[in-house]
Amino acid sequence: MYFGVITLFPEMIDAVTKFGVTRRACENGLIKVDCINPRDYTEDKFGNVDDKPYGGGPGMLMQVQPLRDALRVARSQAPKDTKVVCMSPQGVQLNHSLVTDIHSWGSVILIAGRYEGIDERVLQKEVDLEVSVGDYVLSGGELPAMCIIDAVSRMVPGVLGNIQNAQEDSFAQGLLHFPQYTRPEEIDGMRVPEVLMSGNHEKIRNWRLQQCLGRTYERRPDLLKNRVLTKLERKLLDEYLQEHDF
Ligand SMILES: CN(C)c1cccc(CNc2ccc(C(N)=O)cn2)c1
């Protein structure tokens, strides 16, 4: 998977290329992350990369010429017809489905804007999709871009190793994950659910599915709305709701 990142702060992207499973994925050549900095393409002698908005108002925008030149270089380094995604509060909400789509592309160029954003004409002409990681404004698109790099990289075969399918279990099914426990068996009087120490894998599987369903119903009913439950799932959820006095 190829990621091109247009950013004024390439060192920020080290957070995904120099730590954890994504670092190993870079070292193994499973993913490649290239940063292109518009500041390297400024033409005015002051090296400005921001510019004032027409119509006045507070804040600055990314200057068009350095951004477009950086984008041109990014396209030249990326596979042909690589799609361009701009991180923006005005974007479509990032979710598992969109992460899966981006992974299927094989490569993506991410624009991590600073200041108050970028010129609408650049968005219209150069950007295939605006993506948001949530309804809030950040100081730049770098953190959202790294969310995409991390989430998409975890879908690349070999990046996660054997926990790949564990990851696929719940969220790919559109459910929240079941609660997890590790040693000790008891903390401040709170014990690990006995079923998890029973060694009965059928019971454990059902208990975990029931927890996924119950927690999704309680915390994210919107996820259940467009999900057809199997007979077993319906039974497990009803049981959970009775036990939790719903
Ligand atoms: C139109 N445009 C490119 C833009 C406009 C304003 C701010 C920024 C940069 N700050 C960001 C980026 C993304 C998110 C998010 N919620 O994903 C939050 N803040 C970019």
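Our subject is the structure listed above.
Rules used throughout
- Residues numbered from 1 in each chain as written.
- Predicted model: local features only at pLDDT ≥ 70, side-chain atom pairs only at ≥ 80, totals over all residues.
- Heavy atoms only, no water.
- Core = buried A, V, L, I, M, F, W, Y, C linked by side-chain atoms within 4.5 Å.
- Buried < 20%, exposed > 50% of the residue type's maximum accessible area, 1.4 Å probe, protein only.
- Helix = DSSP H or I, 4+ residues; strand = E, 2+ residues; numbered from the N terminus.
- Contact = heavy atoms within 4.5 Å.
- Near = heavy atom within 4 Å.
- Polar contact = N/O pair within 3.5 Å; in protein donor to acceptor, adjacent residues only side chain to side chain.
- Areas by Shrake-Rupley, 256 points an atom, 1.4 Å probe, with all protein chains shown as cover.
- Nonpolar A, V, L, I, M, F, W, Y, C, P; charged D, E, K, R; others polar.
- Patch = residues over 30% accessible without salt bridge, like charges linked within 9 Å, V, L, I, M, F, W, Y side chains within 5 Å.
- Salt bridge = Lys/Arg side-chain N within 4 Å of Asp/Glu carboxyl O.
- Phe/Tyr/Trp six-rings, centres within 6.5 Å; stacked < 30°, edge-to-face > 60°.
- Lys NZ or Arg CZ within 6 Å of the ring centre and 35° of its normal.

Caption draft 1: Main features of the nonpolar core. If you look at the biggest cluster of nonpolar residues, it comprises 27 residues, and the most contacted ones within it are Met 1, Phe 3, Met 87, Leu 110, Ile 148 and Ile 149. If you list the elements that add at least two residues to this core, you get strand E1 (2–6), strand E5 (83–93), helix H4 (96–105), strand E6 (107–111) and helix H6 (142–153). Phe 3 has contacts with Ile 31, Lys 32, Val 33, Asp 34, Val 108, Leu 110, Ile 148, Ile 149, Val 152 and Ser 153, leaving out every residue within four places of it along the chain. In this structure, Ile 36, Ile 118, Leu 123 and Val 127 belong to the second largest nonpolar core, which totals 19 residues.

Caption draft 2: Region of interest: the site of the ligand. Surveying the vicinity of the ligand reveals 17 residues, the closest of which are Ser 132, Val 133, Gly 134, Tyr 136 and Leu 138. In this structure, a nitrogen atom belonging to the ligand sits 3.3 Å away from a side-chain N or O atom of Ser 132. One nitrogen or oxygen atom from the main chain of Gly 134 is found 2.9 Å from a nitrogen atom belonging to the ligand. Considered on its own, the ligand offers 470 Å² of accessible surface; in the complex 95% of this is hidden by protein. Among the elements that make up the shell around the ligand, the one with the highest residue count is E5 (five residues). Taken together, the residues of the shell around the ligand sort by class into eight nonpolar, eight polar and one charged.

Caption draft 3: Up close: a nonpolar patch on the surface. On the surface, Tyr 136, Leu 138 and Leu 143 cluster together into a nonpolar patch covering about 290 Å² of accessible area. Here Leu 143 shows up in helix H6. Using a relative accessible area of 49% as the deciding quantity, one classes Leu 143 as partly exposed.

Caption draft 4: Region of interest: the packing of aromatic side chains. In this structure the tally under the stated criterion is one aromatic pair. The ring of Trp 105 has Lys 83 lying over it, and the distance from NZ or CZ to the ring centre is 5.5 Å.

So, to be careful, I would describe these as geometric facts and stop short of saying anything about function.
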